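Observations on the model geometry
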Amino acid sequence: MHESHGTTPAEHAGFHHQGPLGHRFEDAAAWSQVFDDPARAEWQRPDEVVAALVTRDDLAVGDLGAGTGYFSVRFAKAVPKGRVVGLDIEPTMVAYLNERAAKEGEPNLSAVAVDTEGGGMPGDLDLLFVCNTYHHIADRPAYFRRATANLAKGGRVAIVDFRVDSDRGPPKEHKLAPETVIAEMKAAGLELVGQHDFLPDQYILVFAPPAS
């Protein structure tokens with residue numbers, strides 16, 4: 001799986017692989033023109049998002065739905081003493097991102113395949129980042145219970161997704177209100193520990209396991 005985008009083909013295709021939108025994103029090179037469109041920065045504000053979430057330069061970050069690495073590469077630059085793992089269900093996206101990391105000289109960036117049920121996650125992640133991807137996941141409480149089972153101590157999950165009233169992103173019926181995300185993540189065993197409201201079309205919600 002990988003993130004959906006607010007511009008045309010991806011807006012309509014989403015990245016549901018088994019869900020109601022049913023499209024796949026197998027042509028990584030072609031989709032990179034959409035996901036990495038420079039105009040996206042005007043509303044996605046990726047550098048501000050990364051700065052808001054990176055608390056140390058040695059974090060281990062998992063970018064769920066990494067796609068072509070729009071955020072993965074930025075996180076890799078922000079955590080030079082850490083590591084970033086791009087996570088996607090599409091083998092072509094995983095291969096593309098690994099090639100991109102080598103080509104762009106990002107030794108702390110790699111990509112691995114995950115499954116549609118939350119399996120395959122690397123262990124000891126300090127941050128699991130989920131941008132424009134959450135609303136496509138089936139049975140989200142079960143998914144995130146499994147996906148976050150091996151977070152590092154103090155690990156967090158950051159969900160970035162489209163507001164219901166935004167004109168960008170998927171059709172309105174596929175968007176989720178923050179309250180829904182908070183309830184679902186609570187069912188997954190995670191509690192809201194922070195949020196950011198600086199994006200024009202999206203919310204940023206940060207979750208963590210309850211303090212023991």
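Note: the structure precedes this text.
Since the model is a prediction, treat every value here as computed from it, not as a measurement.

**With respect to the overall build of the protein chain**
In terms of regular secondary structure, the protein chain is built from eight helices and seven strands. The contacts in the protein chain between residues at least 6 apart in sequence include a share of 70% that link residues at least 24 apart. Taken as a whole, the protein chain presents about 9,100 Å² of accessible surface, with 50% of it coming from carbon and sulfur.

**Looking at the nonpolar core**
V49, L53, F71, F75, V84, L109 and F129 are the most contacted members of the largest nonpolar core, which has 27 residues in total. At the level of elements, α4 (46–53), α5 (70–78), α6 (91–103), β3 (109–113), β4 (127–131), β5 (156–162) and β7 (202–208) are the ones that each hand at least two residues to this core. No other element matches the five residues that α5 contributes to this core. The contact partners of V84, leaving out residues within four places of it in the chain, are V61, S72, F75, A76, V79, N108, L109 and S110. Counting 26 residues, the second largest nonpolar core, distinct from the first, contains L64, Y143, M185 and Y203.

**Regarding the packing of helix α7 (residues 140–147) against helix α8 (residues 178–187)**
The N-to-C vectors of α7 and α8 enclose an angle of 55 degrees; their axes lie 8 Å apart at closest approach. Taken as axis vectors, α7 and α8 run oblique relative to one another. By crossing handedness, the relation of α7 to α8 is classed as right-handed. For the pair α7 and α8, the contacting residues are R140, P141, F144 and R145 in the first and E184, M185 and A187 in the second. Tallied by class, the residues present in the contact of α7 with α8 amount to four nonpolar, no polar and three charged.

Reading the values: the criteria
Residues numbered from 1 in each chain as written. Predicted model: local features only at pLDDT ≥ 70, side-chain atom pairs only at ≥ 80, totals over all residues. Heavy atoms only, no water. Helix = DSSP H or I, 4+ residues; strand = E, 2+ residues; numbered from the N terminus. Contact = heavy atoms within 4.5 Å. Areas by Shrake-Rupley, 256 points an atom, 1.4 Å probe, with all protein chains shown as cover. Core = buried A, V, L, I, M, F, W, Y, C linked by side-chain atoms within 4.5 Å. Buried < 20%, exposed > 50% of the residue type's maximum accessible area, 1.4 Å probe, protein only. Axes fitted to C-alpha atoms, helices over the stretch in contact; angles between N-to-C directions. Parallel < 35°, antiparallel > 145°, perpendicular 65-115°, else oblique. Left-handed = near helix turned anticlockwise from the far one by under 90°. Nonpolar A, V, L, I, M, F, W, Y, C, P; charged D, E, K, R; others polar.

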